[in-house]
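Here's the letter readout for the chains.
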Amino acid sequence: MSAHLSGGFAAPAIDAAHGFRAILQAMARPGTIHTVAGATPPAPLSVAAGVALLTLCDRTTMLYLGASHDTAALRDWITFHCAAPLVDAGDADFALGDWASLTPADRFRIGTPEYPDRAATLIVDVPALRTDGALLTGPGIRDNARLSLPDPAVFAANHARFPLGWDAILTCGDRIAAIPRSTEVR
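Notes on the structure in this doc start here. (Residues numbered from 1 in each chain as written. Predicted model: local features only at pLDDT ≥ 70, side-chain atom pairs only at ≥ 80, totals over all residues. Heavy atoms only, no water.)

**Structural notes on the side chain of Thr171**
Inspection of the secondary structure assignment puts Thr171 in strand 7 (residues 167-172). Side-chain polar atoms of Thr171 contact the side chain of Ser46, separated by 3.5 Å. Within the structure, Thr171 has its side chain in polar contact with the side chain of Asp125 (distance 2.5 Å). What Thr171 contacts, discounting residues up to four positions off in sequence, is Ser46, Ala48, Ala49, Ile123, Val124, Asp125, Val126 and Ile176. (Helix = DSSP H or I, 4+ residues; strand = E, 2+ residues; numbered from the N terminus. Polar contact = N/O pair within 3.5 Å; in protein donor to acceptor, adjacent residues only side chain to side chain. Contact = heavy atoms within 4.5 Å.)

In structure tokens:
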């Protein structure tokens, strides 16, 4: 079987439901790490980032690929499994890549005062995902939490624009965490 035809969900409805629940839990409880399964995307995409794409992206969601993840194999895989149109950073609903290829992050949509929900979500493949590092407080966090972030200052500046700002899903291997714009990062 051609590489771009394989690697999707074996049981799409069930696998997508499990992926959605993990992403929802990660967004609702920033600083927590969840394990996901079901996707085997081409390199350099992690399993968790593949699950996020298969769960959240379709032909109506605009996707930006950072240079780190902009490969022919990955483009073919996304086209076949998600059909998400590939666009420039400023037009993206979702952006995928490693942190270096997604910065500067201020080129992504942050919503408007009338429609703050029209912001981008960054899916960041990180080399490590641990419950140490930056101090997190805010909705969904009892007292505080910690999470390894690629650049805490950028996340803190993003929170300062709340209710505007982008949201982030961090992925590493088969693990996923999230930092919504409502999370204060110190």
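**With respect to the nonpolar core**
Core analysis: the largest hydrophobic core is formed by 27 residues, its most contacted members being Leu122, Leu149, Phe155 and Leu170. For this core, the secondary-structure elements that each account for two or more residues are helix 4 (99-102), strand 4 (121-125), strand 5 (134-137), strand 6 (145-147), strand 7 and strand 8 (175-179). In terms of residue count, the dominant contributor to this core is strand 7 (three residues). (Core = buried A, V, L, I, M, F, W, Y, C linked by side-chain atoms within 4.5 Å. Buried < 20%, exposed > 50% of the residue type's maximum accessible area, 1.4 Å probe, protein only.)

**Notes on the sheet that holds strand 6**
The strand order across the open sheet formed by three strands is 6-5-9, and the pairing between neighbours is antiparallel. The open sheet has two edge strands, strand 6 and strand 9 (184-185), and neither has a second partner. (Pairing = 2+ DSSP bridges.)

**Considerations on the packing of aromatic side chains**
For the structure shown, the criterion picks out four aromatic pairs. Ring geometry for Tyr64 against Phe108: centres 5.6 Å apart, planes inclined by 65 degrees, an arrangement best described as edge-to-face. Placement of Tyr64 in strand 2 (residues 63-65) and of Phe108 in the loop between helix 4 and strand 4 is noted, with a sequence separation of 44 residues between them. By the burial criterion, Tyr64 is buried, and Phe108 matches it. Between Trp99 and Phe155 the ring centres are 5.2 Å apart and the planes differ by 20 degrees, which places this aromatic pair in the stacked class. In this pair, Trp99 sits in helix 4 while Phe155 sits in helix 5 (residues 152-160), placing the two residues 56 residues apart along the sequence. Accessibility classification places Trp99 together with Phe155 in one group, the buried group. (Phe/Tyr/Trp six-rings, centres within 6.5 Å; stacked < 30°, edge-to-face > 60°.)

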